[in-house]
Amino acid sequence: MSIHPIDYRYGSREMREIFEERSRLKYQLMVEGVLAETLAEFGKIPKKQAKIIKKRANLRFVKLERVKEIEKETRHDVVAMLKALGEVCGKASKYIHLTATSYDIVDTALALQVKDGLNLLLKKGKIALNFCLGFSQRYKKLVVIGRTHGQHALPITLGFKFANFADKLGEDLFRLKEDKKYLQGKFSGAVGTYASQKILGLNQNFEKAIMKKLNLTPADISTQVVPRENLARIICDIAVLAGTSEQIAKEIRNLQRTEIAELAEPFGKNQVGSSAMPQKRNPWESENICSNVKVVRSCVFPALENIALEHERDLTNSAAERSVLPTVFVLMDDILGRLARILKNLVVFPENIKRNLELTGGRVLAEAVLTELTKRGMPRLASHQLLREISRKKNFREELFKNKEIARYISQKELKKIMDYKNYIGFSVEKTEKIIKKWKNFSP
């Protein structure tokens, strides 16, 4: 029976499969198989026996149920896995795990698992990024009010707003792609000195050969474990991506407020917003994103605490990582999937956008008038004071056009042009196009 929501409610089946119990065993068996294969290539075990180990180091031969049964006796998960593998390898079992310590297997397998998780996040993130870029392109010239401190500030374009989001998403995904260099494995033995390998006459090329087969990088130096800074950096960067997703979702939620109503999440024909209020169209997908981001962010703290292990290692990182990693990856997968669904069919209400632009009666263009007055010779502080006084009056636009001081510098025809919202969006369109060009060919 499922207990945790990531088992049945959040994330894709594809991501959950990467982090389920069977997959953990699958990755570890894969590493054991490559270890045996490489030992044979270096002439340390018979090739025939290595082939048997490699062939049977998978879930077709080694069953999770058997491993768990053995673990009840051994109280050691890796030893249980090795015994279960040995049971299906016959005489070849004497060569299983030669030169290795548990975390040569565990950490190297974990790197493979996290790599697959990152690749899936990058794939999902690219989809969300593309929808965000498409939205930016479609609405790059649609003028909307920009807000600071929750107040109307200056005109921008809707495309410009989402180009800002797209750039954040792109940068976050770029860093996640770069984080794959932190996916390091190790085959340096019990305390990281390669002592058992040296006895067998192996050098550090042995470790490099294993990592090359697995498409990983060996840690430059390790204790019994790969440094935990690697996982901490990856989790921190996923949390940053989650924060960007939250910012987009929060903006959509705010712009869907009844009194603003500029944007809205897509709403299905048979979708229900409230069991009590038939009229409700709640931004529940965006709210779900904001809720799960809190959980992702909370996983940063234990990831950072896992860095400071005692001596050449202790086990205080292990239990935390078993919870933190699937939580972070499955929830981030879910967040990106929801974000893509929202952005794909985000509803825009141009009539409400126009209405909101006019709410202040043109006051949001006061800076435009101020700048033009200063440009034409009026001292800036005097311009600022004058516009502040006019903005306090009931009808800003009317007072502006009849003000004699302004008329000395700006004609009525020129003032009318200045007071057109689309003439005060600066380089919004150009910057939007630049961001679209920057990220449209991004490859995860």
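Rules used in this analysis
- Residues numbered from 1 in each chain as written.
- Predicted model: local features only at pLDDT ≥ 70, side-chain atom pairs only at ≥ 80, totals over all residues.
- Heavy atoms only, no water.
- Pairing = 2+ DSSP bridges.
- Helix = DSSP H or I, 4+ residues; strand = E, 2+ residues; numbered from the N terminus.
- Salt bridge = Lys/Arg side-chain N within 4 Å of Asp/Glu carboxyl O.
- Buried < 20%, exposed > 50% of the residue type's maximum accessible area, 1.4 Å probe, protein only.
- Phe/Tyr/Trp six-rings, centres within 6.5 Å; stacked < 30°, edge-to-face > 60°.
- Expected span 1.5 Å × (residues − 1).
- Axes fitted to C-alpha atoms, helices over the stretch in contact; angles between N-to-C directions.
- Parallel < 35°, antiparallel > 145°, perpendicular 65-115°, else oblique.
- Left-handed = near helix turned anticlockwise from the far one by under 90°.
- Contact = heavy atoms within 4.5 Å.
- Disulfide = S-S within 2.5 Å.

Chemist: In this structure, what is going on with the pairing of strand E1 (residues 143-148)? I would like to understand it.
Modeler: Looking along a regular strand, one sees the side chains alternate between the two faces of the sheet. With 5 bridges connecting them, E1 and strand E2 (residues 151-157) associate as antiparallel partners. Each bridged residue has a counterpart across the sheet, and for valine 144 the counterpart in E2 is isoleucine 156.

Chemist: Would you take a moment to explain the pattern of salt bridges for this structure?
Modeler: Here the idea is simple: oppositely charged side chains can pair when their charged atoms come close. All told, the structure shown has 29 salt bridges when counted by the stated rule. The partner of lysine 186 in a salt bridge is aspartate 104, and the shortest N-O contact between them spans 2.4 Å. One end of the pair, lysine 186, is in the loop between strand E3 (184-185) and helix H8 (195-199); the other, aspartate 104, is in helix H6 (residues 102-138), and 82 residues separate them in sequence. Relative accessible area serves as the criterion here: at 0%, lysine 186 is assigned to the buried category. Between arginine 376 and glutamate 414 there is a salt bridge, and its shortest N-O distance comes to 2.9 Å. One end of the pair, arginine 376, is in the loop between helix H15 (366-375) and helix H16 (380-391); the other, glutamate 414, is in helix H19 (residues 412-418), and 38 residues separate them in sequence. Look at arginine 376 and you get partly exposed, because its relative accessible area is 33%.

Chemist: Help me understand the packing of aromatic side chains, please; the structure alone is not making it clear to me.
Modeler: Two descriptors summarise a pair of aromatic rings, namely the distance from one centre to the other and the angle between the planes of the rings. Applying the stated criterion across every chain yields a total of 6 aromatic pairs. A ring pair is formed by phenylalanine 162 and phenylalanine 165, whose centres lie 5.3 Å apart and whose planes are at 90 degrees; its orientation type is edge-to-face. Taken together, the positions of phenylalanine 162 and phenylalanine 165, both in helix H7 (residues 158-178) and 3 residues apart, correspond to about one turn of that helix. Taken individually, phenylalanine 162 and phenylalanine 165 each receive the classification buried, so the pair is uniform in this respect. Ring geometry for tryptophan 439 versus phenylalanine 442: centroids 5.8 Å apart, planes at 75 degrees, classification edge-to-face. Take tryptophan 439: its relative accessible area is 5%, and that puts it in the buried class.

Chemist: What am I meant to see in helix H2 (residues 21-41) here?
Modeler: Because an α-helix completes one turn every 3.6 residues, residues spaced three or four positions apart along the sequence face the same direction. For H2, spanning 21 residues, the distance from its first C-alpha to its last is 31 Å, which sits close to the expected 30 Å at 1.5 Å a residue. Just past H2, the residue glycine 43 takes up positive phi, approximately 75 degrees.

Chemist: I'm lost on the packing of helix H10 (residues 229-255) against helix H11 (residues 284-298) in this one. Help?
Modeler: Two quantities define a packed helix pair, namely the angle between the axes and the distance from one axis to the other. Closest axis-to-axis distance for the H10/H11 pair is 9 Å, and the angle between their directions is 155 degrees. Accordingly, the angle class assigned to the pair H10 and H11 is roughly antiparallel. In this structure, H10 crosses over H11, and the sense of that crossing is left-handed. Contact residues: H10 offers Ile238, Ala239, Ala242, Gly243, Ser245, Glu246, Ala249, Lys250, Ile252 and Arg253, while H11 offers Ser286, Glu287, Ile289, Cys290, Val293, Val296 and Arg297.

Chemist: Is there a simple way to explain H11 in this structure?
Modeler: Taking 1.5 Å as the rise per residue, H11 with 15 residues should run 21 Å; its terminal C-alpha atoms sit 22 Å apart, in good agreement. Those residues of H11 not exposed but buried are Glu285, Ser286, Asn288, Ile289, Cys290, Asn292, Val293 and Val296. Buried residues in H11 make contact with H10, helix H12 (300-305) and helix H13 (318-344).

Chemist: Looking at this model, I keep getting lost on the side chain of aspartate 334. Mind explaining?
Modeler: Checked against the element boundaries, aspartate 334 lands in helix H13. For aspartate 334, the residues in contact, after removing those within four places along its chain, are Arg9, Tyr10, Gly11, Asn288 and Asn292.

Chemist: I would appreciate a short explanation of the environment of alanine 264 in the present structure.
Modeler: One can find alanine 264 in strand E5 (residues 263-264). For alanine 264, a relative accessible area of 5% translates into the label buried. Note: C-alpha distance between alanine 264 and isoleucine 45 (219 residues apart in sequence) is 64 Å. Among residues more than four places away in sequence, those in contact with alanine 264 are Gln256, Leu346, Val347 and Phe349.

Chemist: Would you take a moment to explain the state of the cysteines for this structure?
Modeler: Here, the word disulfide means a covalent bond between the sulfur atoms of two cysteines. This structure, assessed with the given rule, holds 0 disulfides. With no disulfide of its own, cysteine 290 lies closest to cysteine 132 among cysteine sulfurs, the gap being 15 Å.

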